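# Survey of secondary and tertiary structure
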Amino acid sequence: MKADDPNTMVEHLRKGHFSHQNAYSGIVVTVHKLQEQAMLDEFHKLDKNGDGYISREGLKRMLEARGDKVSLAELDELIEAVSTDGDGRISYKEFAKLIHHH
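So, here's what we can say about the structure.

Cut-offs used in this document
Residues numbered from 1 in each chain as written. Predicted model: local features only at pLDDT ≥ 70, side-chain atom pairs only at ≥ 80, totals over all residues. Heavy atoms only, no water. Helix = DSSP H or I, 4+ residues; strand = E, 2+ residues; numbered from the N terminus. Buried < 20%, exposed > 50% of the residue type's maximum accessible area, 1.4 Å probe, protein only. Contact = heavy atoms within 4.5 Å. Salt bridge = Lys/Arg side-chain N within 4 Å of Asp/Glu carboxyl O. Core = buried A, V, L, I, M, F, W, Y, C linked by side-chain atoms within 4.5 Å. Axes fitted to C-alpha atoms, helices over the stretch in contact; angles between N-to-C directions. Parallel < 35°, antiparallel > 145°, perpendicular 65-115°, else oblique. Phe/Tyr/Trp six-rings, centres within 6.5 Å; stacked < 30°, edge-to-face > 60°. Lys NZ or Arg CZ within 6 Å of the ring centre and 35° of its normal.

### A look at the overall build of the protein chain
Tallying secondary structure elements over the protein chain gives four helices and two strands in all. Mapped in sequence order, the helices and strands of the protein chain form the string α-β-α-α-β-α. Burial status across the protein chain gives 19% buried among its 102 residues. By sequence separation, contacts in the protein chain at least 24 residues apart represent 44% of the contacts at least 6 residues apart.

### Digging into the pattern of salt bridges
Should their charged atoms come close, side chains of opposite charge can pair. Scanning the entire structure with this criterion turns up six salt bridges. Taking the shortest distance from any N to any O, the salt bridge between lysine 45 and glutamate 42 comes out at 3.7 Å. Highlighted residues: lysine 45 and glutamate 42, both in helix H1 (residues 8-46), separated by three residues, approximately one helical turn. Look at lysine 45 and you get exposed, because its relative accessible area is 52%. Using a relative accessible area of 33% as the deciding quantity, one classes glutamate 42 as partly exposed. The residue lysine 60 makes a salt bridge to glutamate 64 at a minimum N-O spacing of 3.8 Å. On the criterion of helical spacing, the pair formed by lysine 60 and glutamate 64 is a turn pair, its members being four residues apart in helix H2 (residues 56-65). Residue classification places glutamate 64 among the partly exposed residues on the basis of a relative accessible area of 34%.

### Some words on the nonpolar core
Judged by nonpolar contacts, the single largest core of 14 residues is most densely connected at Leu46, Ile54, Leu59, Met62, Leu63, Ile90 and Phe95. Of all elements in the fold, only H1, H2, helix H3 (72-82) and helix H4 (92-101) reach the threshold of two or more residues within this core. Leave out the neighbours within four places in its chain, and leucine 63 touches Asp68, Val70, Leu75 and Leu78.

### What about the packing of H2 against H3?
When two helices pack together, their arrangement is given by the angle between the helix axes and by the axis-to-axis distance. One can describe the packing of H2 onto H3 by two numbers: an axis separation of 10 Å at closest approach and a directional angle of 110°. Classified by the angle their axes make, H2 and H3 are roughly perpendicular. Contacts between H2 and H3 pair Arg56, Leu59, Lys60 and Leu63 from the former with Leu72, Leu75, Asp76, Leu78 and Ile79 from the latter.

### A look at the packing of aromatic side chains
Overall, the coordinates contain two aromatic pairs when judged by the stated rule. Summarising the aromatic geometry, the rings of phenylalanine 43 and tyrosine 92 are spaced 5.4 Å apart at their centres and angled 80° between planes, so their arrangement reads as edge-to-face. One end of the pair, phenylalanine 43, is in helix H1; the other, tyrosine 92, is in helix H4, and 49 residues separate them in sequence. Here phenylalanine 43 falls in the buried class, since its relative accessible area comes to 2%. Look at phenylalanine 43 and phenylalanine 95: their rings are 5.5 Å apart centre to centre, the planes differ by 55°, and that puts the pair in the tilted class. Here phenylalanine 43 is found in helix H1, whereas its partner phenylalanine 95 is found in helix H4, with 52 residues between them in sequence. Here the aromatic cluster, defined as three or more aromatic residues joined through ring pairs, consists of Phe43, Tyr92 and Phe95. Lying over the aromatic face of tyrosine 53, arginine 89 brings its terminal NZ or CZ to 3.5 Å of the ring centre.

Okay, structure coming up:
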């Protein structure tokens with residue numbers, strides 16, 4: 001190989017790496033979109049009146065469906081911890097943050 005000849009092996013590996021990297025990135029993006037859609041679907045199931053928030057009753061139903069028994073005081077404490085705006089309800093953004101942390 002001459003000094004000015006391209007290193008065809010390196011070029012081949014570089015192209016292969018990037019094509020696999022692009023495929024991997026595409027899979028990761030697709031998985032994230034599916035997870036986001038599943039989380040949004042779950043949120044809509046709990047947002048019974050469609051106002052964009054989960055109420056204390058909706059949160060209680062969700063926890064009880066998972067087999068968790070919670071008191072009203074525990075619900076209020078959880079909502080207070082999750083509801084960053086202090087309105088006593090859980091928005092989708094707050095719900096997503098809660099789900100990602102557990």
